[in-house]
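Chains, contacts and geometry: an overview
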Amino acid sequence: MDHVLVKVKKLRKKPIFKLISDYTLFPKLEIDPAACIPYNPDHNLDEECWFKVEKFSEQAYCAEILTSDFDAKDYDDLPKGKFPEISHICALQSDDFYFQKVTPSLFLRRKTFVFGEVAEVEDDRLRLVINAQPDAVYFSALDVLIFKNLATISSIFPGIDELYKEATQEEVKQFLDEPFITLSNEFYADKVSKPNRKRIALAMATLAALPEQDKEGMLSYIDGYCGESLKFNKDSGMFDISTDNDLKMLIYGIEQRFYTTQFGQEKRLANSVQALG
C-alpha cells in the first residue's frame, strides 16, 4: 500500500506524520539510475537527466525513514493545526520514496471553481500544490537517490550540501601558490569568486591524481587553447592570473574542458563533462 507522509517544522520528536494512505501521489518515474550523473556541482544537467548519489543509505545525511523498516502504524495522522507547518512531503510508492520540498508559495488560499459533473464553488480553503515531478526519489532496491537541484533538497537531507564542496580560504591560497601560477594586478585569494572556489575544490582533486610527468603536458595543452586569453611564460612555466576570469579558464584547462571538433577542427569549451566509461 502506498502512503503519503509529511515532515513538520520545529518538531524534534516524531516530526513525521501520515497524511493519507492507499494513494499514489506522483506518477511512477521511469528513470534508469545507471544513466544518471554522479553528482558534480559544475555539471549542467540536460532537461531529462538527473544527478545521483549511490550507496545512499551509507551516507551520514541519509534520512532515517529510508533505513528503518516502514510500518504505517508508527506514524500519527497529521493534526489540522499542523497543515501550514509542513516542510516536505515523502510519498512511499511501492518500495521507493518520492520527496517534494514544501515552500510557502505552494500553499494557496483562494476561492475556486471545481468542475466535476457540475460546476461548484469551493471557498478559500488552504491547499498545498503538488508538483508534476518530485524533487528527489530514493530507489530502495538500488540504494540510490536521484535529484536535480542540490539546494532544493538540502533541507530534506540536512548535511547533503557537503556534496557541494567549496574550497576553504586556505585551500584557495594553496592552489594559487601552485608553481605554474603567478598573480598580478593585485589579484589574490580574497578576490576569488564563489563559483571559482567550487571549481578549485575539483581542480585540486584533479591535480592530486595527475602524474608529475604529465603536468608539463597539461600546461602546454592549456596554452594551446588559451594562448590569446591567458598569458603563459614558457621559460618559467607559469600562467599570469590577473582576474577571476583568468582563473576560471585555467581551471577549465586543468579539468581538460577544451577540445577540438573532429570535423571542422573548431576549438571549443565543454560547459559540462560526463565520463563515458
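Quick look at the structure, then.

Criteria and thresholds
- Residues numbered from 1 in each chain as written.
- Predicted model: local features only at pLDDT ≥ 70, side-chain atom pairs only at ≥ 80, totals over all residues.
- Heavy atoms only, no water.
- Axes fitted to C-alpha atoms, helices over the stretch in contact; angles between N-to-C directions.
- Helix = DSSP H or I, 4+ residues; strand = E, 2+ residues; numbered from the N terminus.
- Parallel < 35°, antiparallel > 145°, perpendicular 65-115°, else oblique.
- Left-handed = near helix turned anticlockwise from the far one by under 90°.
- Contact = heavy atoms within 4.5 Å.
- Nonpolar A, V, L, I, M, F, W, Y, C, P; charged D, E, K, R; others polar.
- Buried < 20%, exposed > 50% of the residue type's maximum accessible area, 1.4 Å probe, protein only.
- Pairing = 2+ DSSP bridges.

**A look at the packing of helix α2 (residues 169-176) against helix α3 (residues 194-209)**
For the pair α2 and α3, the least separation of the axes is 10 Å and the interaxial angle reads 55°. Taken together, α2 and α3 sit at an angle that is classed as oblique. Once α2 is placed against α3, the crossing between them reads as left-handed. Here Gln169, Glu171, Val172, Gln174 and Phe175 of α2 come into contact with α3, specifically with Arg197, Ile200, Ala203, Met204 and Leu207. Split by residue class, the contact of α2 with α3 holds six nonpolar, two polar and two charged.

**A short note on unusual backbone geometry**
At Asn185, a position not held by glycine, the phi torsion is positive, near 60°. Turning to its location among the elements, Asn185 is positioned in the loop between β13 (181-183) and α3. On the basis of relative accessibility, which here comes to 59%, the residue Asn185 falls in the exposed class.

**Digging into the sheet that holds strand β1 (residues 3-8)**
Taken together, eight strands build an open sheet; the order of strands is β2-β1-β5-β6-β11-β12-β4-β3 and the sheet is mixed. Two strands bound the open sheet, and with one partner strand each, they are β2 (16-21) and β3 (37-38). Where strand β5 (residues 86-93) lies against strand β6 (residues 96-101), six bridges are found, and the strand directions are antiparallel. The partner of Ala91 across the bridge, within β6, is Tyr98.

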